[in-house]
Amino acid sequence: MKSTWKSIDELRGRAHDATHNLENPPEGLPSGMDRRTFLSLMGASAALAGLAGCRRPEDRIVPYVSKPEDLVLGIPQRYATTMPFGLENIPLLVTSHEGRPTHIEGNPLDPSTAGAVNVWTSASILDLYDPDRSQVVRNAGAEAELAAFVGDWQVKHAGFVQTQGEGLAVLSGSFASPTLARLAGEFRARFPKAQWVTYDAVNDDTIVQGCAAATGQRAIPVYDFTNADVVLSLDADLFGTESNAITNAQGFASRRRIRSTNDTMNRLYLVEGTLSTTASMADHRLPVRSGLINACATAIAEELRRQGLTLPTIGGPAVGAGQFDTRWIAAVAKDLLAHRGRCVIAAGRRQPPAVHALAAALNAALGNVGTTVKYLLPRHAESTDTAAFEWLVTLMNAGKVQILVMLDTNPVYSAPADLAFGEALAKVGTIIHAGQSFDETAAAATWHVPLHHYLESWGDVSTLHGSHGVVQPLIAPLYTGMSLTEMAALVSGGAQIKGYDAVVQTWKALLPAAGFDAAFTRVLHDGRFESDALPSMSVDMARAAAFHTSASVKPAAVSATALEVSLQASPAVYDGRFANNGWLQEFPDPVTKITWDNAAIMSEATAAALGVRNEDFIRLTSAAGNIGLPVWIMPGQADFTVTVNLGYGRKNCGRIGDGVGDNGYRLRSSASPYIVSGVTMQKIRGTHRVACVQDHHGLDTEDLARRGIQERLPMIVREATLEEYQHEPNFAKERVEHPALRSTWDEHTYNDGFQWGMSIDLNACTGCGACTIACQSENNIPIVGKEQVLNGREMHWIRIDRYYAGSVEQPEVLVQPLGCVQCEMAPCEQVCPVAATSHDEEGLNVMTYNRCVGTRYCSNNCPYKARRFNFFNYSKEAPETVQMARNPEVTVRFRGVMEKCTYCVQRIATGKIAAKRDGRALADGDIVAACESACPTRAIVFGDTRDEKSRISAAKKLDRDYALLGELNVRPRTTYLAKLRNPNPDLASGKA
């Protein structure tokens, strides 16, 4: 087995910062934080600020399971709805307690997600209760009445009807919605001289432009990884921040569920400039500067031609001798050719349109189009059109826009810096902004109207998989305002109508007229309606190749040693819309493990060449602007590529997110939105502390050495190649010879009943962190703020440990989710002086919170470091109304107690009660832990280990099953399935 390391400091033998795990907690509030900030931080995160009483919507909504005539207090209801997210709309089931949404899960009826979610979906419930949400209509910054705005707009609307909309423009975010598409169409018909432009800060316009060159239509590539034996990713974070990541991860992981030595496995080649979430799944990874990936793709195309693939003439960046690993390129090309029709070439949104056109041409030449990839035309959708957005700015600068209406968008913050959108906005006569927060754009508006959260709104969506869905509200609006549907209807038709009525009007054209009421009720119940498949486009290879030749950046534009900045969506706050979400600010980046910040990520060699170290503060300057960030050195980073996460540096999002990090959009140009060349770096005096959790709570080498098992445990994450597994199926089992393991105390005995356990398949886990946020939502886990994270006091019950194997330049990445493993012979139970932690009759290691006196002996004795101690009382100061919005089925912990994963014991109890009420036996799958429910790849399985037919029993019988630290004889009930990789035999040794 390979040896692993967690950080460059550990690999180099340097001591890392050990200021965390402080033994003596300070009294009072964290230093540097006033009472107002502390209350807003903890109130918004720990308790989901809501209302004291029931706030069910006035309109008729349909629960997912039953249709009660009256609300029964204490019995939660589940409703189907959808989270709008640009063109990627996520079907949901939302749990509601007495009219208050408390937890979000995926809708299992949707085949594209199969009930999974991502971190943004789970955390979006926190935005509903954000106390910094916009709450009042504003006119020139002063509070106003909604009726005053409606009346003012209706007068203006009537005037534009006479002029056919000349001087009127609407700027909206991307959407895929039958109702919004209908209203936008009516707007264009009513105002033929007006503009309706769509723009998102993080968008797929580079993909759409490349696909348009290849297909003649603004198509979107949709991948079917269930049929793909070989995948080549060109700078695409397919399982992380790219669009459709949930579906991508599920499809890819389905080919990695190895049950026996007879199973086959897919293979992933990854070319990228910075480590991504997808890197943990890669069998071969080639670090290449972001600006040179087009040249690398061209080299692969030429090698495919050389090996016999029929291709049009491919022109593009010249490939110099030795610029890329020719052995790697040749092996990839050979593998793709050997799997024609069962391979995929995918390019990421950071790459320019030329790369996407080339990827489409190669997919067509390899016979993949129609099998593993389809180029689909979204239905009822409007995606970002950068050219139209640039033209709108030109009209604004020319004084030709009298009124600009902005719907759920924040271009003052996020527009490319070279467009100087704020300056153009100052030349517009009247500015109307509708958004959930009084953000940077709202501050410049004449009128600002609060938008309702999607959990307060009626709406609808279309998906890339052919279905339609309904956005169904679960709570009456908390504050004054309008839904996006209502605002669009007002802008288009001039009349104020209810969102429900607008949606019903649209769906009367989608559903049969006969029996419409029953059919629409069924849609509300299921959350979706299956419709015809989206039209699929064919690829014109000659046209795609010609576009690639003409659109490619010439070699002189990319210097091999010049500094470039690669901009990417944040895995935490995305494009900035979640910047005031405490859960996501404290969520560790799946790659860097940084919280509460963005940084200038660079390689060790680049940092040495620039003369900087970790946490040195630097200024990055491009032709468009400059930003100041701390340095963070990462393994696997391409040299002279500096990666910056977008979405930080906000000024008007709220008290949690304001001033966190710096705004990467200030480096951006409209011509090259993601890869910024010609960047200079200047070191600024001083440093900036970065709250990175990589070395917190982990199973580090010092701890293993103290326990005398370091030499016996070469790998925590046990890994082998598929070939090695086929030759030695039991490779994951402990091979060290030692005396029979015996317990020093009497073993537990159990009566007939349930025995709970969990299995985590490391071959399917991508380390995305969806389980972490889902657990936080379900179990009332608070955030603690950056200062306390720096002290090692983050409270997450599930952490995602990340390890590396190999060299710093080209490491393999391994990830391992870890919470309390529910030891059968739990070391924590033996040292607790008050028996606060104990064993129950179903094998769970349970906590009695009101018995805990905070000695922390249990944490000291836990070899997994899976327990969390709340040094501060994060709930005491929260108002009573805020406290009532928590999940009422989970105890809210007070200061000075230990807490940890409970296998969602409240869900276990609820499932057993439901089965007893229905007079049936509890079936496998009746109880689903929050982490298991959220996992996009279904890597987590939970159930009754005594049920021989259960999924958990089947998982624990597999050859790859192993117990982490099993040689300690603690007998964890959470076990792991060892990771496998499927390397190309041609690259099994050497550079690749």
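All of these numbers come straight from a predicted model, not from anything done at the bench.

Rules used in this analysis
- Residues numbered from 1 in each chain as written.
- Predicted model: local features only at pLDDT ≥ 70, side-chain atom pairs only at ≥ 80, totals over all residues.
- Heavy atoms only, no water.
- Helix = DSSP H or I, 4+ residues; strand = E, 2+ residues; numbered from the N terminus.
- Buried < 20%, exposed > 50% of the residue type's maximum accessible area, 1.4 Å probe, protein only.
- Contact = heavy atoms within 4.5 Å.
- Areas by Shrake-Rupley, 256 points an atom, 1.4 Å probe, with all protein chains shown as cover.
- Phe/Tyr/Trp six-rings, centres within 6.5 Å; stacked < 30°, edge-to-face > 60°.
- pLDDT = per-residue confidence, 0-100.
- Disulfide = S-S within 2.5 Å.
- Salt bridge = Lys/Arg side-chain N within 4 Å of Asp/Glu carboxyl O.

J.: Help me get a handle on the overall build of the protein, residues and values and all.
T.: A tally of helices and strands in the protein yields 29 helices and 44 strands. Per-residue burial over the protein gives 61% buried out of 992 residues. In the protein, 76% of the contacts between residues at least 6 apart in sequence involve partners at least 24 apart. Working note: accessible area of the protein is about 35,400 Å², and carbon and sulfur atoms make up 51% of it.

J.: Talk me through the packing of aromatic side chains; I want residue IDs and the actual numbers.
T.: Given two aromatic rings, one states the distance between the centres and the angle between the planes to describe the pair. For the structure on display, the rule yields 25 aromatic pairs. Arranged with centres 5.8 Å apart and planes meeting at 15 degrees, the rings of Phe389 and Phe421 form a pair that is stacked. On the criterion of sequence distance, the pair formed by Phe389 in helix α11 (residues 386–397) and Phe421 in helix α13 (residues 421–425) is long-range, its members being 32 residues apart. Each member of the pair Phe389 and Phe421 is classed as buried. A connected cluster of aromatic rings, assembled from ring pairs, spans Trp458, Tyr500, Trp507, Phe516, Phe520 and Phe529.

J.: I'd like a rundown of the confidence of the model for the protein, residues and numbers included.
T.: Summarising the model, the protein shows a mean pLDDT of 87, and 88% of its residues fall at 70 or more. pLDDT under 50 marks residues 18–32. Its contacts with residues more than four places away, or in other chains, come to 35 contacts.

J.: So what about the state of the cysteines? Which residues, and what values?
T.: Applying the stated rule across the entire model yields 0 disulfides. No disulfide involves Cys852; its sulfur sits 6.3 Å from the nearest other cysteine sulfur, which is in Cys858. For Cys852, a relative accessible area of 14% gives the class buried. Looking at the unpaired Cys862, the closest cysteine sulfur is the one in Cys823, lying at 6.6 Å.

J.: So what's going on with the pattern of salt bridges? Which residues, and what values?
T.: Taken as a whole and judged by the stated rule, the model has 42 salt bridges. With a closest N to O distance of 2.5 Å, Glu530 and Arg528 form a salt bridge. The shortest N-O distance in the salt bridge between Glu842 and Lys912 comes to 2.7 Å. With Glu842 in the loop between β37 (837–839) and β38 (845–847) and Lys912 in helix α27 (residues 905–918), the pair connects residues that are 70 residues apart, well separated along the chain. Looking at Glu842, the relative accessible area reads 11%, which means it is buried.

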